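Chain by chain, the residues:
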Amino acid sequence: MPYLGSEEVVKELRRALSNPNVQADRLRYKNYITKVIRYMTQGLDVSALFMDMVKASATVDIVQKKLVYLYMCTYASDKPDLALLAINTLRKDCADPNPMVRGLALRNMCNFRMPGMTEYIEQPIVAGLRDKASYVRRVAVLGCAKMHSLQPNTEIDGTIVNELYALLRDPDPVVVVNCLRALEEILKDEGGVVINKPIAHHLLNRMKDLDSWAQSEVLTFLLRYRPRSDDELFDILSLLDAFLLSSHAHVAVATLRLFLHLASAHPTVQADALLRTSAPLLATCGAASRELRFAGLCHVQQVMRSQPGLFGTHYKRFFCGYSEPSYIKFRKMEILVELVNDENVALVLEELRSYCTDVSPELAQAAIAAIGRIARTYSEKCLDILTGLLGLKQDHITSAVIQTFRDLVWFCPQSTAAVCQTVGACVDSPQDSEGKQALLWLLGEHGDQISSAPYVMEGYIDGLKTELSSAVKMELLTAAVKMFLCRPAETQDMLGRLLHYCIEEESDVCVRDRALLYYRLLQRGVEETRKVVTGPKSDPSMSVLTGRQEEPISEWDSTFNTLGPLAGCDLCPQTAATSAADQPSCRAENELLPGKVDTDVTLSSPDDAEEEISLSLGPPLSHETFEKMWLDLETLHRQTLGFPRPRAAPDTLQAALQLVKIQTLAFTPGDTVPWKAYIYTRSTETLILAELLQGDQQAPGSDESLVVSVKQQPVNQHAIRGFVSVLKSVLQTLNPIKSKN
Amino acid sequence: MISQIFILSSKGDHLIYKDCILTTGLLVALFCLCLYLLILLQSHKGLHFIHVRQGGLYWVASTKTNPSPFTIIEFLNRLAALTKDYCGSLSEKSVRMNFALIYELLDEMVDFGYIQTTSTDILKNFIQTEAVSSKPFSLFDLSNVGLFGAETQQSKVAPSVAASRPIMSSRGEQNEIFVDVIERLSVVIGSKGVLMKADIQGEIRIKCFLPTCSEMRIGLNEELSIGKSQLKGYSSAVRVDECRFHQAVKLDEFDTFRILKVCPSQGEQTVMQYQLCDELPCAPPFQLFPSVEKDYVNRVLIFLKLRCDLPPKSTALNVSITVPVPKGSTSMSQELSSPDQTAELQPKNKALLWEIPRFPGGAQLSALFKVDVPGLSSASLLEVGPVSMSFELPKQTCTGLQIRFLRLSPTQTGLSQRWVRYVTHSDSYTIRI
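Here the structure is a predicted model, which is why all the values come from computation and not from measurement.

### Here's the deal with helix α23 (residues 416-425) of chain A
All names here are of chain A.
Next, step 1: Of the positions making up α23, those classed as buried are Thr416, Val419, Cys420, Thr422 and Val423. All buried residues of α23 fall inside an arc of 165° around its axis, so they share one side. Among the exposed residues of α23, those pointing more than 90 degrees away from its buried face are Gln421 and Ala425.
Next, step 2: Contact partners of the buried residues in α23: α21 (379-390), α22 (395-411) and α24 (433-445).

### Quick notes on the interface of chain B and chain A
Next, step 1: Tallying the contact residues gives 97 residues for chain B and 99 residues for chain A.
Next, step 2: Approximately 8,300 Å² of surface area, both sides summed, lies buried where chain B meets chain A, with 59% of it carried by carbon and sulfur atoms.
Next, step 3: It is Phe70, Phe112 and Arg244 of chain B that lose the most area in chain B upon contact with chain A, and together they represent 9% of the buried surface on that side.
Next, step 4: With a closest N to O distance of 3.3 Å, aspartate 107 of chain B and arginine 107 of chain A form a salt bridge.

### Topic: the pattern of salt bridges
Next, step 1: Inspection of every chain in the model, using the stated rule, returns 51 salt bridges over all chains.
Next, step 2: Salt-bridge contacts for lysine 65 of chain A lead to aspartate 93 of chain A; the nearest nitrogen and oxygen are separated by 3.0 Å. Within this pair, whereas lysine 65 of chain A is found in helix α5 (residues 62-75), its partner aspartate 93 of chain A is found in helix α6 (residues 80-93), the two being separated by 28 residues in sequence.
Next, step 3: Residue classification places lysine 65 of chain A among the buried residues on the basis of a relative accessible area of 6%.
Next, step 4: Each of Lys66 and Arg107 of chain A together with Glu104, Asp107 and Glu108 of chain B takes part in salt bridges that share partners, so that together they form one network.

### Details of the side chain of threonine 118 of chain B
Next, step 1: Mapped onto the secondary structure, threonine 118 of chain B falls in the loop between β7 (114-115) and α5 (120-123).
Next, step 2: Among the polar contacts made by the side chain of threonine 118 of chain B, one reaches the side chain of tryptophan 213 of chain A at a distance of 2.8 Å.
Next, step 3: Not counting chain neighbours up to four residues away, the residues in contact with threonine 118 of chain B comprise Trp213 of chain A together with Phe75, Arg78, Leu82, Met109 and Leu123 of chain B.

### Some details on the packing of aromatic side chains
Residue and element names in this part refer to chain B.
Next, step 1: Tallied over the full model, the rule gives 21 aromatic pairs over all chains.
Next, step 2: Ring centres 6.3 Å apart and planes at 35° place the aromatic pair phenylalanine 6 and phenylalanine 49 in the tilted group. With a gap of 43 residues between them, phenylalanine 6 in strand β1 (residues 2-8) and phenylalanine 49 in strand β4 (residues 47-54) connect regions that are remote in the sequence.
Next, step 3: Classification of phenylalanine 6 as buried rests on a relative accessible area of 1%.

### A word on the sheet that holds strand β24 (residues 403-408) of chain B
Residue and element names in this part refer to chain B.
Next, step 1: Spatial strand order, β14-β10-β24: 3 strands in an open sheet with antiparallel pairing. A strand with exactly one partner marks an edge of an open sheet, and here the two such strands are β14 (259-262) and β24. Between one strand and the next, the sheet's axes are offset by a mean angle of 15°, whatever the strand orientation.
Next, step 2: Bridge count for strand β10 (residues 216-220) against β24 is 5 bridges, and the pairing is antiparallel. Bridge pairing in β24 places isoleucine 218 opposite leucine 406.

### Details of the environment of glutamate 7 of chain A
Next, step 1: Looking at the element boundaries, glutamate 7 of chain A is found in helix α1 (residues 6-18).
Next, step 2: For the pair formed by glutamate 7 of chain A and valine 46 of chain A, sequence separation is 39 residues and the distance between their alpha carbons is 8.8 Å.

### Things to note about the pairing of strand β6 (residues 707-713) of chain A
Residue and element names in this part refer to chain A.
Next, step 1: The element β6 is extensively covered by neighbouring structure, given that 6 of its 7 residues are classed as buried.
Next, step 2: Bridge analysis of strand β2 (residues 637-640) against β6 gives 4 bridges, and the strand direction is antiparallel. Note on β6: the bridge partner recorded for glutamine 639 is valine 708.
Next, step 3: In this sheet, β6 lies alongside strand β5 (residues 686-694) in antiparallel orientation, the contact comprising 7 bridges. Opposite leucine 689, over in β6, you have lysine 711 as the bridge partner.

Cut-off values and rules
- Residues numbered from 1 in each chain as written.
- Chains lettered and ligands numbered in written order.
- Predicted model: local features only at pLDDT ≥ 70, side-chain atom pairs only at ≥ 80, totals over all residues.
- Heavy atoms only, no water.
- Buried < 20%, exposed > 50% of the residue type's maximum accessible area, 1.4 Å probe, protein only.
- Helix = DSSP H or I, 4+ residues; strand = E, 2+ residues; numbered from the N terminus.
- Arc of directions from axis to C-beta.
- Contact = heavy atoms within 4.5 Å.
- Buried area = accessible area lost by both parts, 1.4 Å probe.
- Salt bridge = Lys/Arg side-chain N within 4 Å of Asp/Glu carboxyl O.
- Polar contact = N/O pair within 3.5 Å; in protein donor to acceptor, adjacent residues only side chain to side chain.
- Phe/Tyr/Trp six-rings, centres within 6.5 Å; stacked < 30°, edge-to-face > 60°.
- Pairing = 2+ DSSP bridges.
- Axes fitted to C-alpha atoms, helices over the stretch in contact; angles between N-to-C directions.

The structure is reproduced here in structure tokens:
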């Protein structure tokens, strides 16, 4: 940890704790114990004080006891031999007349994570299960689960399982729920706790006594129960009816999930339940807590997959508040697009129009894209708005509008004439490569309808030398050839210049190859070229696919009220862990660099870098030092990361890296190709320097993906592995933000 | 099931860290990153992190299973609320000072990753550590409390929360109970002054310092009607679309007398939530009459006339008006009608911010801003707007919901002080130009 002189601190604390004068003064003694815990929280290793802390546990002061227990639980696994000393005290406390002390001791004893603990805790747990205080029983029931997790592979103790099933009838509601939880843990391999008819009905009858957390958990357990008959089913549903309108969102949603699940054979019941829960769901969308709002919005989206009309009249609830964070605004816009109908289209569009001038370019672009989606149904009104936006002459807006036009023409050919007229009249052109590509596509595809098309294209061909993006160059080639096919007289000359430049002077192989391909095609004759180059100009059938369709509820009810809707995908703990390894693009392409063959550079997979690595910033490096070291050292590790550089703003990137303690020294601005960044960090006594590179012709594999090269002094392969895995996670986290827009 | 619970400062330092089940080797730093990007849910190696932001701190839970997000989020919110109840206020400093107390709380609330209890009634039996208050409680903190409509002493009021002091403090006997009616207003006004959207989210919140609770009766307006169907003949009725109650509230007298019966437990809790959509019983509190013109070659004139339509006796506080200005605005000169108002240009947000600390009802204020924009085109004028406002309306509810009386059951001995406060916040108040 970044703490220097931690030994000094520990030594001083030990001196204080063993000082008889301090021990005599209860308040001072407690203060020192608090100090130890504080250091522990900050990450300082104070495990050396274990002996002194064990001594401090023999006290009547409950606060002090709690603090010491907290300490012991943290370090018991590091010092198993010393922890055994504490067990005697704890076992004595387990027989204390005060139930609070009994419970406290039992809970903490079960939290010790060290081998051989079972033999000490088994007897107190069994005694605790029969304790007359419900507090102790609660602790003991979960203690059974903890005991099992200490030795996961041992045989299940039948007597304990039976005892737990019997305790489901306990008068204390928390004990009942804890029993369910413990049984679930213990019987995990056998499919979890069994909910048969008597248990299910017992739980249903106890629902009213439970607190809201227990209610939502029991409702989740009840998903396992299948009623025998319709009569029983409706009895259950009417018992649960009141919970649909619970003031706790988590109970209402859990009830809804159970309703949807139980009534899967009765669509009318499901629809009725959805209708009734729409009010609590909408209320969560307007909750004071932003996070709750977001969760509510995600679930509204899910419900809308089956019942698109359910929230139609409430569309105003999804208007964005100006102070809301952008992740909520994005969701709300997605929902608004779905809710548009003949009556509200004017108001929704007006609302979306006001987001287009938002300070955040991402949000503005998303709003423009949303208008584009609506334009597939209500093209006229939307085109007016989009055309008006072009008048603002803002780069990011113009670019987004042009991209929206491209998509619109593709999905909805009837708007082509209007779009072409607007594009023809538009004077300024987008500046970023995405926008340029969209404009060029429009020019090439519909050049016959845009009168000024050749002149606009000529501008691009003249500025070819300063164009950096190869994607734009390729799009330009295609567009020019297509335009040549429909307006040969105006285009011939510039196409010739373009091909000449691309074949003779262009250094990017892909662009050159594309130019050669067109050149040879044209040599075969115009008709031949036309056959190859021209494809369909639009695909209206696609809009049917993207349009709203009612899905059956069974499509999504299994992920309802789980993390899935928030993550935007079906998220399963198992698959989430392995998915990274399955992607072929993530495969680490390790090169054993000359001179370093003897060191072990092989990574079996990026995911097995499980080892903990701590990075730290340390004193800053000057540019000169960095440069000198970079030139002196040899590259130890080079890896293709398998994804492009994050498109986030430079300061976002810098701040994000800084959070994981990686310092950015310098990087190339904006869309410059090749894009480079120099970063460094320190790990256990080693300094790591790294270069991120994209789009350099010399480096293999860097066209589409980032390449990282690492240098280090002194060498520590373990640290490099950790560093690369941290870096990768950070950059990957930054990436999806853009792709979502 | 929760694997770990953290409380992180805004810089990403660990203030509290509790490992509920056996987990090792974690990159917590990675989690900080997702905070930065405001992604609610972040997954890393099969461990999902969910966070909530409260009081400038991040409250984080991680889980390996796939639980209900609502449960986790509400639990974290509840944890934050409880921390506030016990420590008095929520800040990095108070959490740092009371970390032992918070560990104690967490220990009782969560066992082996399962939520045990979050009720203050139960917790108070187990919590032994005493809160360390960052500043001693003084009566001046209460000076902004209006007791049954009494005039407030200070203009700077932030009455959304009851007194900020620990509930378990042994310092003096405080037989006090606060009942706050808090409404959040979200309004969109169209370019011609037409009300396009109006939503009110309201809640009645109790903060109770009584050590032993007795039944309390809260009387609401008798003419309160709920739902769209119950239209009454005379327009004086106070109406809400729907309302939901805390499960401890007894409603047997609600239907006839509009009385809520509740046994409040110590600490803060919401007894009733209600909402009213698409309609405001009164005029919207502010009307704006803007005019935007191009002056000289490179200058935009923005003339704003703002009228407060509140009743003459009430006042809006901390009014701030944000007007988006064209990109590239460099400087601004202003003409404001009184010296306590301020205005500044924020080039980073492309906006100008006009702040009015105190705005009496019925008054009308105007301001003239001259913004210099190099390279101004006529299209740039389109970038001005929509205007957004934020404000507080103390002693004011937009629905008209009032508390008629607040009665503790007669068995209660000793004098107890009851405070009722009303406040309306602007959740989002947007006026299009």
